[in-house]
Amino acid sequence: HESRHLSENTPEDFRLNLTRIEIAGFKSFEHRLSVNFTGGITSVIGPNGCGKTNIVDAIRWVLGEQKTRLLRNTKMENVIFNGTRTRKPLSMAEVHLSLSNDDHSLPVDYSEITISRKIYRDGGSEYYVNGELARLKDIRGLLVDTGLGNHTYSIIEREMVDSVISEKDNDKRFLLEEAAGVMRY
């Protein structure tokens, strides 16, 4: 496989596949949940209130979502498991999202990339890429033009469709530029 610079990639070259997600202390997930994805289509089904949407929120959150409204909260610390009548609240939440990089779509020398985010009840938050402390800016730079990230078209909720239709022209342009893979330009 010939090594290419990121700038030589076109949007259709990006084939990032979600391989695993680990969630601990995030929203309704008091205990660690690990889900492996083996390719194809994955469906998460279950009764109302069992945490299906919290998995999507965890993906959005680990990729850098800053808008608490999109995470169905009023403040970021509320994503930490808040306890129940019989269980104590936790002091932190963490999510680890692993992506396949076998074709080296991303400019790193790893065949798998794990993006992690931790938040503490005191409001502190940390990001990691493959276990190394990182900035949100680094993660956004790594994922630019891939369709992933906090301003993406890859995670669309039903309510977002109406929102996109009624968005201001500048916001629509942002969405179209990302979908076309020209954000970095």
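Bear in mind the structure is a predicted one, so any value in this text is a computation, not a measurement. Each chain has its residues counted from 1, following the order in which its sequence is written. pLDDT decides what is reported in this predicted model: residues at 70 or higher carry local features, side-chain atom pairs at 80 or more are listed and counted, and totals for whole chains, interfaces and linings draw on all residues regardless. Side-chain calculation: all heavy atoms of the structure are included, whereas hydrogens and water are not.

S.K.: Honestly, the side chain of His96 in this entry has me stumped. Any pointers?
M.R.: Mapped onto the secondary structure, His96 falls in strand E3 (residues 92-100). A polar atom in the side chain of His96 sits 2.6 Å from the side chain of Ser116. By the criteria applied, helices consist of DSSP H or I runs no shorter than four residues and strands consist of E runs no shorter than two, each listed in order from the N terminus. Counting of polar contacts relies on pairs of N or O atoms within 3.5 Å, with two restrictions inside protein: one atom must be capable of donating a hydrogen and the other of accepting it, and residues adjacent in sequence are counted only when both atoms are side-chain atoms.

S.K.: What is the right way to look at the pairing of strand E4 (residues 112-120) in this model?
M.R.: Each regular strand displays side chains that alternate between the two surfaces of the sheet. The pairing criterion is simple: DSSP has to find at least two bridges between the two strands. Taken together, the nine bridges between E3 and E4 define a ladder with antiparallel strand orientation. Bridge pairing in E4 places His96 opposite Ser116. With five bridges joining them, E4 and strand E5 (residues 125-129) adopt antiparallel strand pairing. Bridge assignment links Arg117 to a residue of E5, and that residue is Tyr127. Between E4 and E5, which follow one another and run antiparallel, lie four residues, and Gly123 among them has a positive phi close to 100°.

Honestly, that's just the spatial picture; any functional story needs more than this.
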